[in-house]
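# What the coordinates show
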Amino acid sequence: MASKRVRFAQRRKAAGFTQEKLAERLMVERSTVVRWESGATEPQPWIRPALATVLSVTADELQALLDEVVVAPDGPAERISYVLAHPSSVDLVAVAYLRERIRDLDASYDGLPSTVLLGPAGQLHGQVTYLRAHAPNSRVRRALFEVEAESATFMGQLVWDVSQRRDHEAPVTYLDQAIHAARQVRDPNTEAYAVLRKSFVALYGETDPGKGLVLAEEAAGISAMCSPSLTGLALLHVAEARAMTGDLTACENTLRRAEAQLGRVDDCDIAAGHYTVTEFNRLAGSCYLHLKLPARAESILEQTSAALAGKKKSQAIALANLTLALIRQQKLDQAQAAMHDTIDAVEVTRGGGGLNLAFAAGRELRPWRTEPWVQDINDRLLGLLAPN
């Protein structure tokens, strides 16, 4: 913990001076200004009139600035506690810490249940929006808008997941907040990703392929000039919307457009981690499943599910779709094994997408419900409903 004259430093900045410029104006060392602001020393009587003039304050106002010495934190957690208590003191260092915490939680998404992440993410999101409303200058406010866009997108993802993709209103509210924040700072990457996640809600929650198609195409248009990865990912969901309506030709044409984006991805693409060959194959397999071509879906999803071992939530979706493809071909021995693998993956993270598809596969096993192996699968599916 360290003492600081926060209001004195804010007055110096408001007057348009850096520490170096103020020292130069008063013909003192920069270290002298640093000591004044740290509370270690006070300006000598002979320099106070000139200091008051430079800061555009009276002698009494200057003394009030000098009298207000606060204890400011040194560590990141202490700094956040301090700025939450004194929101007008929020600075870029505090913003960077909040951004890092949100990205750490986001990096944990594929390995942890969303129920575990929702509380910490919600707390951080609330802190970001609160501090943004009290930001002392446009630079800090802009940085907080950037973080808010990320945190609102993540909250939309988590809230929808925790509701097992049944609550569509709350996730869209968060995603609209993310879009608004991204537009304030002209961030097309984050805006496109939030719009794309709205298309997920339309496609997989509301089961409205027309609405999902419009949103996915909007996301592809926003990202076209800045991120081949996001463009490709958006086009994949355009293709899936086409598949949901049974349009094989339009679906495959869009898949080819999406695949072409893979060759354009480079290290500078901020969203490169979202779009890989494995992700392309996962969505292509899903498309062929919607198009009632389970054999084609099987050949793609079999390899894809193994490649997704490090992303359990995505792997669960791929495995569940593989199970559906096998059931629809009546390859029951293979479907049984794939179904157990699906449940294993869902048990780890309880992801809403995998959970819903696992139960969809379970419903398609009803013609064989008297078989002991199907009863065993049903018992495991019921176990997924127990609190984790």
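You'll find the structure just up there.
The present account deals with the structure reproduced in this document.

Parameters at a glance
- Numbering of residues starts from 1 in every chain and runs along the sequence as written.
- Per-residue local features are limited, in this predicted model, to residues with pLDDT of at least 70; the limit for side-chain atom pairs, both in listing and counting, is 80 or more; totals at the level of whole chains, interfaces and linings are taken over all residues.
- Excluding hydrogens and water, the side-chain values take into account all heavy atoms of the structure.
- To qualify as a helix, a DSSP run of H or I must reach at least 4 residues; to qualify as a strand, a run of E must reach at least 2; elements of each kind are numbered from the N terminus.
- It only takes one pair of heavy atoms within 4.5 Å for two residues to be counted as in contact.
- Site definitions follow a grid-based scheme: protein atoms alone, a 1 Å grid, a 1.4 Å probe that fits but cannot get out for cavities, and for pockets an open set with protein on both sides within 12 Å along at least five of seven lines, plus lining residues having an atom within 4 Å of a point.
- Grid points are joined across faces, edges and corners, and a volume is the space filled by probe spheres set on the points.
- Only Asp, Glu, Lys and Arg are considered charged in this grouping, and only Ala, Val, Leu, Ile, Met, Phe, Trp, Tyr, Cys and Pro are considered nonpolar; every other residue, Gly among them, is considered polar.
- Only the six-membered ring of Trp is used, alongside the rings of Phe and Tyr, when aromatic pairs are assigned; centres must lie within 6.5 Å, and planes under 30 degrees apart are stacked while those over 60 apart are edge-to-face, with the rest tilted.
- Distance and angle both matter: a charge sits over a ring if NZ of Lys or CZ of Arg is within 6 Å of the ring centre and within 35 degrees of the ring normal.
- To obtain each axis, a line is fitted to C-alpha atoms, and for helices this fit is confined to the stretch in contact; angles are then taken between N-to-C directions over 0 to 180 degrees.
- Should an angle fall under 35 degrees it is called roughly parallel, over 145 degrees roughly antiparallel, and 65 to 115 degrees roughly perpendicular, with every other angle called oblique.
- We call a crossing left-handed when the near helix sits turned anticlockwise from the far one by less than a right angle, and right-handed when that turn is clockwise.
- For the purposes of this section, nonpolar cores are sets of buried Ala, Val, Leu, Ile, Met, Phe, Trp, Tyr and Cys residues that join through side-chain atoms within 4.5 Å.
- Burial here depends on accessible area, computed with a 1.4 Å probe over protein chains only, as a share of the maximum for the residue type. Under 20% is buried, over 50% is exposed, and the range in between is partly exposed.

### Considering the side chain of threonine 304
Note on placement: threonine 304 falls in helix H16 (residues 294-307). What threonine 304 contacts, discounting residues up to four positions off in sequence, is Thr278, Asn281 and Arg282.

### A closer look at the layout of surface pockets
The computed volume of the second largest pocket comes to approximately 800 Å³. The wall of the second largest pocket is formed by 26 residues, among which Ala9, Gln10, Lys13, Ser89 and Asp91 lie closest to the centre. Elements supplying a minimum of two residues to the lining of the second largest pocket: helix H1 (6-14), helix H3 (30-38), helix H6 (76-85), helix H7 (92-107) and helix H9 (138-162). The element that contributes the greatest number of residues to the lining of the second largest pocket is H1, accounting for five residues. For the lining of the second largest pocket, the residue count by class is twelve nonpolar, six polar and eight charged.

### Describing the packing of aromatic side chains
Under the defined criterion, the tally for this structure stands at one aromatic pair. Relative to tyrosine 204, the ring of phenylalanine 200 has its centre 6.2 Å away and its plane inclined at 40 degrees; by these criteria the two rings are tilted. Remark: tyrosine 204 and phenylalanine 200 occur in helix H11 (residues 188-205); sequence separation between them is four residues, near one turn of the helix. A cation sits over an aromatic face here: lysine 313 above tyrosine 109, 3.5 Å from the ring centre.

### As for the packing of helix H17 (residues 312-328) against helix H18 (residues 332-349)
Axis separation between H17 and H18 bottoms out at 8 Å; the angle between their running directions is 160 degrees. Put simply, H17 runs roughly antiparallel to H18. Along this stretch, H17 crosses H18, giving a crossing that reads as left-handed. Along its contact with H17, which presents Lys312, Lys313, Gln315, Ala316, Leu319, Ala320, Leu322, Thr323, Leu326 and Ile327, the element H18 presents Gln334, Ala335, Ala338, Met339, Asp341, Thr342, Ala345, Val346, Val348 and Thr349. Grouping the constituent residues of the contact of H17 with H18 by class yields twelve nonpolar, five polar and three charged.

### Digging into the nonpolar core
Formed by 64 residues in total, the largest nonpolar core has its most connected members in Leu236 and Leu255. If we ignore the near neighbours within four places in the chain, the residues touching leucine 255 are Leu236, Ala239, Phe280, Ala284, Cys287 and Tyr288.

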